[in-house]
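Below are the chains, spelled out letter by letter.
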Amino acid sequence: MRSSKTIHVVSCHAEGEVGDVIVGGVTPPPGKTLWDQRSFIAEDQTLRNFVLNEPRGGVFRHVNFLVPPKNPAADAAFIIMEPEDTPPMSGSNSICVSTVLLDSGILPMTEPVTELTLEAPGGLVRVKADCRNGKAERIHVQNVASFADQLDAKLEVEGIGTLTVDTAYGGDSFVVVDAKALGLEIVESEAAEIAHLGVRITNAANEQLGFSHPENADWNSISFCAFCGPVEKTERGFTGRSAIAIQPGKVDRSPCGTAVSARMALMAARGQMSVGQEFEAISIIGSRFTGKILAEQSVGGRPGIVPQISGRGWITGTHQHMLDPSDPWPAGYKLSDTWGA
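Residues numbered from 1 in each chain as written. Predicted model: local features only at pLDDT ≥ 70, side-chain atom pairs only at ≥ 80, totals over all residues. Heavy atoms only, no water.

A. A negative patch on the surface, seen in detail. Among the surface-exposed residues, Asp36, Glu43, Asp44 and Asp218 lie close enough to one another that they form a single negatively charged patch. Residue placement: Asp44 occurs in helix H1 (residues 34-44). You can call Asp44 partly exposed: its relative accessible area is 37%. (Patch = residues over 30% accessible without salt bridge, like charges linked within 9 Å, V, L, I, M, F, W, Y side chains within 5 Å. Areas by Shrake-Rupley, 256 points an atom, 1.4 Å probe, with all protein chains shown as cover. Salt bridge = Lys/Arg side-chain N within 4 Å of Asp/Glu carboxyl O. Lys, Arg positive; Asp, Glu negative; His and termini not counted. Charge placed at Lys NZ, Arg CZ, Asp CG, Glu CD. Helix = DSSP H or I, 4+ residues; strand = E, 2+ residues; numbered from the N terminus. Buried < 20%, exposed > 50% of the residue type's maximum accessible area, 1.4 Å probe, protein only.)

In structure tokens:
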């Protein structure tokens, strides 16, 4: 075999959502901060195209790049590459990264609980991993501070009419809609409809409502549409189904940790949820994340919360992605049958 590059990857998924981890073969990008490094990757596109485009990647895949941390308090750092975005934070990807770091022995595991600190572009992420027999069985992620943005905003969507939506930040930015009002039950047979409708709603929200993070001016758009089902009370708090539409048109297989954080921030803003309560989110495939409000914390003067997300991750394999010098598609390709128009 001949190859002009070889990238070493450990594949993983968190409650169904793929979050592969690059563990070697790539040098860290330039930048004084992790956000600077993230911005370089987002703008340069070389690494993103190589690992996310076909034939090596696909619209279903997220890839995380392990890099040395910039913050001395962190044990490791990672840059998240999603199909169209390079976001500040991701719950499912944090769980995948933590699982790979511990299960593959990159960081030492201590049973029954391993504590570590990860640095994401959006800030530090505190992790507790429940470990047994050499396996990180459940990952608890203390997410970045999250907040409600606009409540009960009116949004015009062509072909649908006027929707009442919320916008919020949970480590990434969301427009949140009532699934029941759109006749959706959040079941697997609705996946294509949710994916395509979610992209339309996200695009309309960016045009009409917009978003601006009060402490990070570079994050100034809405990434995802969260379709949220009815909420039921439980002994520890609440539970409910949800489905997250991701650009360019796919549904998150997991409940999406940043969406759980954003939803809890909205519930807290409405006085429906308080510190110490939990929210169990159920995805379109029936997988579950448990969210918990750990504390209240303002974000740029706005009321917010410190959320925790917990879920499970599993390693699915290892890969060495290569590039034959004669390959006519060195950066890969995207087609509208899966990547959207």
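Having put the structure on the table, let's press on.
B. Fine view of the side chain of Gln247. Mapped onto the elements, Gln247 comes out in the loop between strand E14 (237-246) and strand E15 (250-251). A distance of 3.0 Å separates polar atoms of two side chains, one belonging to Gln247 and the other to Asn203. Each residue touching Gln247, except ones within four places of it in the same chain, is listed here: Pro83, Glu84, Val199, Thr202, Asn203 and Ser223. (Polar contact = N/O pair within 3.5 Å; in protein donor to acceptor, adjacent residues only side chain to side chain. Contact = heavy atoms within 4.5 Å.)

C. Here's a closer look at the state of the cysteines. For the coordinates displayed, the defined rule picks out 0 disulfides. The thiol of Cys228 is not disulfide-bonded; the next cysteine sulfur, from Cys225, is found 8.6 Å away. For Cys228, a relative accessible area of 9% translates into the label buried. (Disulfide = S-S within 2.5 Å.)

D. Local environment of the layout of surface pockets. In this structure, the largest pocket spans a volume of roughly 410 Å³. Taken together, 18 residues form the lining of the largest pocket, with Asp166, Val176, Cys228, Arg263 and Arg270 sitting closest to its centre. Residue assignment for the lining of the largest pocket shows that the elements contributing at least two residues are strand E11 (161-169), strand E12 (173-178), strand E13 (224-233) and helix H5 (257-269). A per-class count over the lining of the largest pocket returns 9 nonpolar, 3 polar and 6 charged. Size it by volume and the second largest pocket reaches roughly 360 Å³. Ranked by residues supplied to the lining of the second largest pocket, first place goes to strand E7 (residues 123-132) with 3 residues. Per-class residue counts for the lining of the second largest pocket are 10 nonpolar, 8 polar and 2 charged. (1 Å grid on protein atoms, 1.4 Å probe; cavity = no way out; pocket = protein on both sides within 12 Å on 5 of 7 lines; lining within 4 Å. Points joined across faces, edges and corners; volume = space filled by probe spheres on them. Nonpolar A, V, L, I, M, F, W, Y, C, P; charged D, E, K, R; others polar.)

Interpretation note: all reported values are geometric properties and have no functional meaning in isolation.
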